[in-house]
Amino acid sequence: MTGSITEVRAAPAVRSIERDVDPVTTEIVRQALASATRQMDLTLSRSACSQAMTESSDFCSGLFDADARLLVANRGALFALSMSFGVTAAVDAVGGRASLRDGDVLVINDGFLTGTHKNDIQIVCPLFVGETLLGYSSVRAHFLDVGGKEPLATDTTDFHQEGLTLPGVYLERAGERCDDLWRVLLSNTRYPREMAGDFEAVMAGCRAGGRAMGRLVARYGLDRLLDATEHILNHGEASMRSFLRSVPDGEYRADGAFDDDGIGDELIPFTIDVSVQGDEVVVDLTHDAPPEQHGPVNCPLPVTVAIVRTAIVSASGSANLINEGHMRPIVVRAREGTMFHPRTPAPINLYGWAFDIDFVLRALSDVVPAIPAGGCGDIGATMWWGEGDGDAAPWAMLEDHPGGQGASRVADGGPPTFPLVTAGMRKLPIEVWEASAPIRVESYELAPDSAGAGRHRGGLGIDVTYRALGDCRLTAIAERSKLAPWGLDGGLPGRANAITIGYPDGRQEHLTKVSGLRLTEGTTVTVRMGGGGGYGPPSERDPKRIAEDLAEGYLSEQACMRDYAEQAPNADPALTEAKA
Amino acid sequence: MTHRFAVDVGGTFTDLVLYDDAVGWRVEKASTTPAAPEQGVSDVLRHVADEGLVARSPLFLHGNTVALNALLERDGARLGLLATRGFRDVLEIAHGDRGAIALDWRPSPSLVPRRRRLVVTERVAADGSVLTPLVEADVADALDTFRAADVEAIAVALLNAYANPVHELEVERQLRALGFDGEISLSHRLSRELREYERTSTTVVDAFVRPKVSGYLQRLGERLEQIDFSGHTLLASSSGGAMTVGDARQRPFETTQSGPVGGVAGAARLAADLGLESAIAADLGGTSFDACLITDGRPRLRHEGEVAGMPLQIPWVDIRSIGAGGGSLAYLDEGGLLRVGPQSAGAMPGPACYGRGGSQPTVTDAAAALGMLGRGKLAGGVALDFAAAAAALRTVGEPIGMDAEQLAQGVLEIVTAHMADALREVTIEEGRDPREATLIAFGGAGPLFATLLCDELDLVGAIVPPLAGNFSAWGLMQQDVVRGASRTVIAPLEDAALATVGSALAESFEELLRDPFEEGGEPQLEATVDLRYDSQSHTLTVPLQLAADGGLRDDAGTLASRFTEEHRRAFGHVLDGEAMRVTAVRASVRVPLPPVDLTVTDTRPASAPPEDETVAFSFRRGERCAFRLVERAHLAVGDRVAGPAILTEPTTTTYLDAGFSAEVLPTGALTIKAEER
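Parameters and conventions
- Residues numbered from 1 in each chain as written.
- Chains lettered and ligands numbered in written order.
- Predicted model: local features only at pLDDT ≥ 70, side-chain atom pairs only at ≥ 80, totals over all residues.
- Heavy atoms only, no water.
- Helix = DSSP H or I, 4+ residues; strand = E, 2+ residues; numbered from the N terminus.
- Rg over C-alpha atoms; globule rule 2.2 N^0.38 Å.
- Buried < 20%, exposed > 50% of the residue type's maximum accessible area, 1.4 Å probe, protein only.
- Contact = heavy atoms within 4.5 Å.
- Lys, Arg positive; Asp, Glu negative; His and termini not counted.
- Charge placed at Lys NZ, Arg CZ, Asp CG, Glu CD.
- Axes fitted to C-alpha atoms, helices over the stretch in contact; angles between N-to-C directions.
- Parallel < 35°, antiparallel > 145°, perpendicular 65-115°, else oblique.
- Left-handed = near helix turned anticlockwise from the far one by under 90°.
- Nonpolar A, V, L, I, M, F, W, Y, C, P; charged D, E, K, R; others polar.
- Polar contact = N/O pair within 3.5 Å; in protein donor to acceptor, adjacent residues only side chain to side chain.
- Buried area = accessible area lost by both parts, 1.4 Å probe.
- Salt bridge = Lys/Arg side-chain N within 4 Å of Asp/Glu carboxyl O.
- Phe/Tyr/Trp six-rings, centres within 6.5 Å; stacked < 30°, edge-to-face > 60°.
- Lys NZ or Arg CZ within 6 Å of the ring centre and 35° of its normal.
- Expected span 1.5 Å × (residues − 1).
- Bend = angle between axes of the 7 residues up to and from the residue.
- Core = buried A, V, L, I, M, F, W, Y, C linked by side-chain atoms within 4.5 Å.
- Pairing = 2+ DSSP bridges.
- Domains from an automatic or database assignment.

A. Spatial organisation of the overall build of chain B. Within chain B, the regular secondary structure consists of 16 helices and 35 strands. Its C-alpha atoms give chain B a radius of gyration of 26 Å, near enough to 26 Å, the size a compact globule of 677 residues would have. Overall size of chain B, expressed as C-alpha extent along the three principal axes, is 80 × 65 × 55 Å. Sorting the 677 residues of chain B into buried and exposed places 60% on the buried side. Here the contacts in chain B between residues at least 6 apart in sequence split such that 67% fall between residues at least 24 apart. Of the charged side chains in chain B, 62 are positive and 95 negative, and the gap between their average positions amounts to 3 Å.

B. Looking closely at the packing of helix H7 (residues 192-220) of chain A against helix H8 (residues 222-246) of chain A. All names here are of chain A. In contact at an axis separation of 7 Å, H7 and H8 are set at 115° when each is read in the N-to-C sense. Considering their axes alone, H7 and H8 lie roughly perpendicular with respect to each other. At the point where H7 passes H8, the crossing takes the right-handed sense. Contacts between H7 and H8 involve Leu-216, Val-217 and Tyr-220 from the first element and Leu-222, Arg-224 and Leu-225 from the second. Per-class residue counts for the contact of H7 with H8 are 5 nonpolar, no polar and 1 charged.

C. Representation of helix H13 (residues 543-552) of chain A in the model. Residues and elements named next belong to chain A. Looking only at H13, the buried set comprises Ile-546, Ala-547, Asp-549, Leu-550, Ala-551 and Glu-552. Two to three positions downstream of the cap, the backbone nitrogen of Lys-544 sits 2.9 Å from a side-chain oxygen, assigning the N-cap of H13 to Asp-542. Of the residues flanking the end of H13, it is Gly-553, one or two places downstream, whose phi is positive at about 80°.

D. Inspection of unusual backbone geometry at higher detail. Cis geometry is found at the peptide bond from Thr-344 of chain A to Pro-345 of chain A, where omega equals 10°. Tracing the backbone through its elements, the reader meets Pro-345 of chain A in the loop between strand S12 (330-335) and helix H11 (357-364). At the junction of Gly-643 of chain B and Pro-644 of chain B, the peptide bond is cis and its omega measures out at 5° in the coordinates. Relative to the elements of secondary structure, Pro-644 of chain B occurs in the loop between strand S31 (640-642) and strand S32 (645-649). Its identity as a non-glycine residue notwithstanding, Arg-480 of chain A has a phi of 50°, on the positive side. Its location among the elements puts Arg-480 of chain A in the loop between strand S17 (472-478) and strand S18 (498-502).

E. Expanded view of the interface of chain B and chain A. Each side of the interface is counted separately: chain B has 73 residues, and chain A has 88 residues. Roughly 6500 Å² is buried in total at the junction of chain B and chain A, and carbon and sulfur atoms are behind 55% of that figure. Linking chain B with chain A are 10 salt bridges. Notably, a salt bridge pairs Glu-425 of chain B with Arg-38 of chain A, separated by 2.7 Å at the nearest N-O pair. Joining chain B to chain A, the criterion identifies 28 residue pairs in polar contact (both at pLDDT 80 or more).

F. Here's a closer look at the packing of aromatic side chains. The full count for this structure, using the stated rule, is 22 aromatic pairs over all chains. Between Tyr-533 of chain B and Phe-563 of chain B the ring centres are 5.1 Å apart and the planes differ by 80°, which places this aromatic pair in the edge-to-face class. Within this pair, whereas Tyr-533 of chain B is found in strand S26 (residues 524-533), its partner Phe-563 of chain B is found in helix H16 (residues 556-571), the two being separated by 30 residues in sequence. The pair Tyr-533 of chain B / Phe-563 of chain B is uniform in exposure class, with both members buried. Ring pairs connect the aromatic residues Phe-258, Phe-270, Phe-340, Phe-359 and Trp-486 of chain A, which therefore count as one cluster. The lysine or arginine in question, Lys-118 of chain A, covers the ring of Phe-159 of chain A, its NZ or CZ lying 3.9 Å from the ring centre. In this arrangement the basic side chain of Arg-177 of chain A is found over the ring face of Trp-182 of chain A, its NZ or CZ atom lying 4.4 Å from the centre.

G. Structural detail: helix H7 (residues 196-226) of chain B. All names here are of chain B. A rise of 1.5 Å per residue sets the reference length of H7, with its 31 residues, at 45 Å; its end C-alpha atoms lie 44 Å apart and thus fit the reference within 8%. The sharpest bend along H7 measures roughly 45° and falls at Arg-210, with the proline Pro-211 sitting one to four residues further on. At the exit of H7 stands Asp-228, carrying a positive phi of roughly 65°.

H. How the structure looks around the nonpolar core. Formed by 121 residues in total, the largest nonpolar core has its most connected members in Ile-123 and Phe-199 of chain A together with Leu-412 and Phe-449 of chain B. Take this core: its biggest share by element is 13 residues, from helix H12 (residues 404-428) of chain B. Within the second largest apolar cluster, 89 residues are counted, among which are Leu-460 and Ile-501 of chain A together with Ala-30 and Ala-153 of chain B.

I. Inspection of the sheet that holds strand S13 (residues 380-386) of chain A at higher detail. All names here are of chain A. If you walk across this open sheet you meet the 4 strands as S14-S13-S17-S20, and the pairing is antiparallel. With partners counted over all chains shown, the strands left at the sheet margins are strand S14 (395-399) and strand S20 (513-519), one partner each. Taken over all neighbouring pairs, the strand axes of this sheet differ in orientation by 10° on average, direction set aside. One ladder, built from 5 bridges, connects S13 with S14; its direction is antiparallel. Paired with Met-383 across the strands is Leu-398, a residue of S14.

J. Quick peek at the packing of helix H1 (residues 23-47) of chain A against H12 of chain B. At a closest axis distance of 9 Å, the pairing of H1 of chain A and H12 of chain B adopts a crossing angle of 15°. The angle between the axes of H1 of chain A and H12 of chain B places the two elements in the roughly parallel class. With respect to the hand of their crossing, H1 of chain A and H12 of chain B are arranged in right-handed fashion. Across from Val-24, Glu-27, Ile-28, Gln-31, Ala-32, Ser-35, Arg-38 and Gln-39 of chain A in H1 of chain A, the residues of H12 of chain B making contact are Gly-410, Glu-413, Ile-414, Ala-417, His-418, Asp-421, Glu-425 and Ile-428 of chain B. Grouping the amino acids of the contact of H1 of chain A with H12 of chain B by side-chain chemistry returns 6 nonpolar, 5 polar and 5 charged.

K. Local environment of the sheet that holds S18 of chain A. All names here are of chain A. Spatial ordering of the open sheet is given by S15-S16-S21-S18-S19, a layout of 5 strands whose pairing is antiparallel. Both edges of this open sheet fall to strand S15 (439-447) and strand S19 (508-511), since each of them pairs with a single strand only. Within this sheet the neighbouring strands show an average axis-to-axis angle of 15°, counted without direction. With 6 bridges connecting them, strand S16 (residues 461-468) and strand S21 (residues 524-529) associate as antiparallel partners. Counted as the bridge partner of Asp-463 is Arg-528 from S21.

L. Inspection of the side chain of Glu-172 of chain B at higher detail. All names here are of chain B. As for its position among the elements, Glu-172 is in helix H5 (residues 166-177). Owing to a relative accessible area of 17%, Glu-172 belongs among the buried residues under this scheme. For Glu-172, the contacting residues outside a window of four places in its chain are Ile-184, Leu-186 and Arg-189.

M. Up close: the domain arrangement of chain A. All names here are of chain A. The domains assigned to chain A are domain 1 (20-235) and domain 2 (372-541). Of note, the centres of domain 1 and domain 2, computed from C-alpha atoms alone, are 30 Å apart. Domain 1 puts 17 residues into the contact, and the matching count from domain 2 is 24 residues. Linking domain 1 with domain 2 are 1 salt bridge, by the criterion used here. Linking domain 1 with domain 2 are 2 residue pairs in polar contact (both at pLDDT 80 or more).

N. Inspection of the pairing of S18 of chain A at higher detail. Residue and element names in this part refer to chain A. Taking burial as the measure, the 5 residues of S18 include 4 buried ones, the bulk of the element. As paired elements, S18 and S21 share 5 bridges and run antiparallel to each other. Paired with Ile-499 across the two strands is Val-527, which belongs to S21. In sequence, S18 turns back onto S19 through a hairpin of 5 residues, with Gly-506 there showing a positive phi of about 95°.

O. Representation of the environment of Asp-247 of chain B. The topology assignment puts Asp-247 of chain B in helix H8 (residues 245-250). Take Asp-247 of chain B: its relative accessible area is 13%, and that puts it in the buried class.

Next up, the structure:
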């Protein structure tokens, strides 16, 4: 391990504030910016084409100041907290701020610069007030396909197998579409119609943000607005520091592991060191960090940073209106040449999915009471595609799955949800699936006994089975299929994630990651999303709650005898009563 | 000849508005009786019943919160839910999304626990074909379990039943054959649209509120009979029209938004009457601010509603709520920023200036401290405690170096900005420019903010309606009777495929006209179609041109250009060369009630209004100055008041900042205009 260590901090306060602090204007502008990003979200999601954007909300809108500092993002934590890297890189790539013009639209998807894979294209629109650069309106969104060996390949060995790279280029220059680039883009996707419509929607979203910023300038004047935004960032910083002061000083550690690198089958263990001192936190990923991996699980530095930030911001409870200021007290250390700071052309298509937020939270779980036990991890995704019937266009569907969440100190895990990293996503309606693609959903139910037992049990996972009604292809990705969602404080682990293919000849195949698998008619694909870990020893569970779980069918008799033998329901008449 | 009356049951008061040719307008109030709302209705009607005004009226329009409260309090029928095998947990898995980026986020529990969610073997495909026939024994088994669990009503929501309801109907037939005599709700009768979670939720809500609503309607009918009312009762529906009692018994879930729609219906009527192309109904009460866009005299509709996190797949007046109101609390957050709401002081203790023990400052305290509420004599004999308001404001202001006066200004500016953001969102989302809209401000605190919102949003003007404190009841009287039905129809936008649209329309109209309308004029047929680009997912709704018999007059070309125009307006771009697709057809039948003459009688009192003034803070001037103090009851049609002025009436206060003027319209509404900036 010879690479140098990089230490990443968020941009500091840069502007000296001319006037006295005006808490009223600050709060008004802060809420108006949040409102602006909601308008961006809505404009985009209502006019986009691919279901990743319209149904699953796999995108994030943000507004930035002229120094590329995030002023506000409402949701989409992982994108939100790495988008400032994308803005900076895109602007640098075209020659810096001085080269920008009003009406420019920049696009970038180089994951070493943005953090996430190439499907996540970030659009950056500089905003001007006269000659002055006010800031940027920007959206990062998951596009259905950007070329590459397959849509969303899980077994690439090189960055260049992962599709078209946009290193930060003009899509529009001073309001004029760059037709050459446009044709390049549409020639490098398997779904040009969707890409074209999605680009228009994303740009419409950015324009909505630009107009909202324009209204703020008109209302407050440039100087007053800039003072307010500086205060907003300082406020974010103060909120975060106030949280960190409530965490006892100390050195905390968690061990985590990736299932595999997408090609081989070997577990990849890693360690996270978290040091809290006063009102700062340092998350150090240099200790025995895994080297750059052969498969696409490498996490480019921007996403490594974003994962840490998302975890800390979530733990602080202030994740819903985030800005660059929140990130100032968070320091991330990673070593170049490791999985957490790979060098081009290392493959990154699965980027940070494996290194998920839960492990950073786990390190702090002894000292931050709000942190729950382990959940099902952050991914159980499928991408399906096939040829259309007759004249019909080729089809493609991307579907991720919610899963069990960990129990907390005060309650059982709730119904299955998407994890923090994809908090805004929604599952596709089954009836939309069946009306859109030659796929039948055979079942989609809670998985009894999948939750980790405990004083508070985890949330249940789900079992979903799809059947291909014709020949098609599948990419599937499951993580945390080897390391089950952990319990805390004596709680038991939940069920791990799993994907099983059932071939028409009766053969079954279990897998964690597969790319472009050819499915023939009648093949079934079963996704089993894991359950959350329990909190506290199972022996301390209230027998009434056990009886209720039995009555609801969340828990079977066998699992009950196994996990809660001490409170055997038959021994207690109160239980039989509650069951009825 | 017009006689009619309306009663709106609110959280605190049950309001009556009555119009009678002989006596003109009457307004009454009684306390709401939450356990038995018909009591409050009966109480308020007794004020006028003795004069024979109820007995001779042919029409009673009513808004209530029976269904809404049943859902909010989760107090409804004990339900069983039948689903397709493999899909027992549609209700609990929902969308799988998180409502917030929070470590331990969880939705409220499902209305039907898993033990009473059972499955039957059957399967229909998306194209409506039957893949697996219904297994009868499963229905019998499920019924045994339901009976053992004392289930009162059964909701049936099978997969793809929107495309073919054969198995839902078969389940119902069997449940009846097996002797089940409770209520049964079938998903396809409520919605013929795809999305199983939304349709299941709708069905469950329907079954859940059914006994409450029908019991209430029964008891209400008896009360009305006791006071010799023999006319027709119409209930406000969530889609913004009135529905007959018969319809409400059939589709009780459509009354879930029966309360809030009254004010919007009134605002829509005023907007139509004044010929406003674009208006925003803005209702500010104690805890929430409700905003709704009105275009060409019609409230904006969505195709999905929501109550307490439960989606309803029905047309829904698009009222957006934010947690801002007179009771919203001001506080400093952990980062030292001044924040207002969404937490509220509620009815108890309420604002500090109400003297009921509140010590945290609220929006009302800020307004009181600035003199905006005049001398502070409110309805019900409440006299404001100005010293308590100032003391509460100081507790928050001192740590950031603001005195009570400065903090109060800040609180009002922040809450105004919150409301302005919400208003901007409802207009901009629809591709409308908020600056071209007229604000219609009502509710206890709405008129206080009318001029502040005009400045914040650069609006052309505002309207403060007549009877602003009873405006929801007034609005109920202005509705048409409406029935609606939607169907999922997925087809390319081509002339050949429009036949499917035409037949779906014909079926819908036949269904809508099957039961006769008891009241009103000739039914008017209206329809819209949901369209999208082939590669898109969300749709835009565009109107269809119909012949008198409901037949389709549009061809694919006219629809395509209508869609393209709407798309450009809403999003600023179009997708050239992309084909279009129909996804749903929505039919409605509207029966207008005879119009009520909006002109209020000239109420000019015998004597001229007394000259009076007070000192209050002017936001435009940035300082305190003299405000004229006028009782609204002293103003007659055509009278004009120039700001700075404060107009008082028993249930609300209109704050007219310097540079604004207000004029009394023939309807009794005040029209507020900015004279200068």
